[in-house]
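Here are the chains, one letter per residue:
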Amino acid sequence: MKPAPFEYHAPTEVAEAVRLLASYGEDARPLAGGQSLVPLLNLRLARPKAIVDLNRIESLAYHRLEGDVLVVGALCRQRDLERDRSVLERCAAVADAVPLIGHLGIRNRGTVVGSLAHADPAAEWPVLAMLFDAILVAVGPGGRREIPAARFFQGAFSTALDPGELLVEARFPLPPPSAGTAFVEVARRHGDFALGAAAAVVDGDDVRLALGGFDSVPLRVAPDPDAAPAAVHPVDDIHAPAAYRRKLAGALAKRALDLARERAR
Ligand SMILES: Cc1cc2nc3c(=O)[nH]c(=O)nc-3n(C[C@H](O)[C@H](O)[C@H](O)COP(=O)(O)OP(=O)(O)OC[C@H]3O[C@@H](n4cnc5c(N)ncnc54)[C@H](O)[C@@H]3O)c2cc1C
């Protein structure tokens, strides 16, 4: 399949990208790694008038640890984090989650921020964003604003971004190194989207649980495996019946919390 015709822009500065996006409004889409957008274009499920390619904006290609905050620019590839020992050693849940995302070639191109912007209910990064209370930084014609993860995900593939707004950075406040963190999921085959996922933090009295793949958005729920099945609202689909997914929520919640507790020092 070939995409419908579109106008193509490759700005080198954020301000130029924002100007272009704002000029097209809902008719333009930013292109990051293209691992979700290009299939949508090729299947003509997305037919934007214009593509604003972010790949030449070098100022967005970074990630760093700022104290306890993992800061990820919009052109940081998922593989960049997977290859950074300082990040993997600092946060076990990230080290658990990233290799579960698709396959190596997908992580080589696909960006962390693109995954957040795409807001697939079964994707790994949105669950981590909910677990760590991430802050998503958007720049639009009206300036810069910070959106907490809890307000960012509004539905399946739907976010709080306004037309013309670009996500430039995601900030993940990590718990202290003494905390235990974990990310677990069940997928039919390695690299498939998860049927369900759970991520946990255990840091003394601060115990957190996030679930993905069960509802249209990732959820923060009470850190109680017995309560997890009632906290999710799955529907029957071609992959699994809702009753299976509810049971899975409880099982994965227990696995994630047990592993995080075991890792806490
Ligand atoms: C075979 C296959 C398997 C996969 N398996 C998984 C998986 O198991 N788990 C998983 O999480 N993902 C999976 N993915 C998706 C992959 O992780 C994508 O890379 C990711 O979802 C999107 O990142 P991207 O950089 O490729 O974004 P793109 O495809 O370029 O963009 C995705 C969407 O986000 C928008 N966007 C991108 N960047 C920005 C920005 N900075 N600001 C605003 N909007 C933006 C685009 O306009 C588009 O609507 C898979 C993909 C494939 C092809």
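See above for the structure.
Anyway, here's the lowdown on the structure attached to this text.

## Brief notes about the pairing of strand β6 (residues 135-140)
Piece 1. Across the six residues that make up β6, a large majority, five, are buried.
Piece 2. When β6 meets strand β7 (residues 143-148), the two strands line up antiparallel, connected through six bridges. Across the sheet, I135 pairs through a bridge with P148, a residue of β7.
Piece 3. One ladder, built from five bridges, connects β6 with strand β10 (residues 166-173); its direction is antiparallel. Looking at β10, one finds that I135 is bridged to R171.

## Some thoughts on empty space enclosed by the protein
Piece 1. Evaluated as defined, the whole model comprises one cavity of 30 Å³ or more.
Piece 2. Computed from the structure, the largest cavity encloses a volume of approximately 30 Å³.
Piece 3. Residues belonging to the lining of the largest cavity are distributed by class as follows: six nonpolar, three polar and one charged.
Piece 4. Residue assignment places the lining of the largest cavity across two domains, with domain 2 (58-173) and domain 3 (180-263) each supplying three or more.

## Considering the site of the ligand
Piece 1. P30, G34, L37, T111 and E124 are the nearest of the 31 residues found near the ligand.
Piece 2. Contact distances for the ligand include 3.0 Å between an oxygen atom and a side-chain N or O atom of Q78.
Piece 3. G102 is positioned with one of its backbone polar atoms (N or O) 3.1 Å from an oxygen atom of the ligand.
Piece 4. The cavity where the ligand resides is the largest pocket.
Piece 5. Elements represented by at least two residues in the shell around the ligand include exactly β2 (28-31), α7 (112-118) and β10.
Piece 6. Examining the composition of the shell around the ligand, we find that five residues originate from one element, α7, more than from any other.
Piece 7. For the shell around the ligand, the class distribution of residues is 16 nonpolar, twelve polar and three charged.

## Re the side chain of E82
Piece 1. Tracing the backbone shows E82 in helix α3 (residues 78-82).
Piece 2. Overall, the relative accessible area of 15% leaves E82 in the buried class.
Piece 3. With residues up to four places along the chain from it excluded, the contact list for E82 reads L88, V98, P99, L104 and R107.

## Observations concerning the packing of aromatic side chains
Piece 1. According to the stated counting rule, one finds two aromatic pairs in the structure shown.
Piece 2. On the numbers, 5.4 Å between centres and 55° between planes, the contact of W125 with F172 is tilted. Linking W125 in helix α8 (residues 124-131) with F172 in strand β10, this pair joins segments that are 47 residues apart in sequence. In this structure, W125 and F172 share a single accessibility class: buried.
Piece 3. Plain terms: the ring middles of F152 and F153 are 5.2 Å apart, the flat faces sit at 85° to each other, and that makes the pair edge-to-face. The burial state of F152 is the same as that of F153; both residues are buried.

Rules behind the numbers
- Residues numbered from 1 in each chain as written.
- Predicted model: local features only at pLDDT ≥ 70, side-chain atom pairs only at ≥ 80, totals over all residues.
- Heavy atoms only, no water.
- Buried < 20%, exposed > 50% of the residue type's maximum accessible area, 1.4 Å probe, protein only.
- Helix = DSSP H or I, 4+ residues; strand = E, 2+ residues; numbered from the N terminus.
- Pairing = 2+ DSSP bridges.
- 1 Å grid on protein atoms, 1.4 Å probe; cavity = no way out; pocket = protein on both sides within 12 Å on 5 of 7 lines; lining within 4 Å.
- Points joined across faces, edges and corners; volume = space filled by probe spheres on them.
- Nonpolar A, V, L, I, M, F, W, Y, C, P; charged D, E, K, R; others polar.
- Domains from an automatic or database assignment.
- Near = heavy atom within 4 Å.
- Polar contact = N/O pair within 3.5 Å; in protein donor to acceptor, adjacent residues only side chain to side chain.
- Sits in = over half its atoms within 2 Å of the grid points.
- Contact = heavy atoms within 4.5 Å.
- Phe/Tyr/Trp six-rings, centres within 6.5 Å; stacked < 30°, edge-to-face > 60°.

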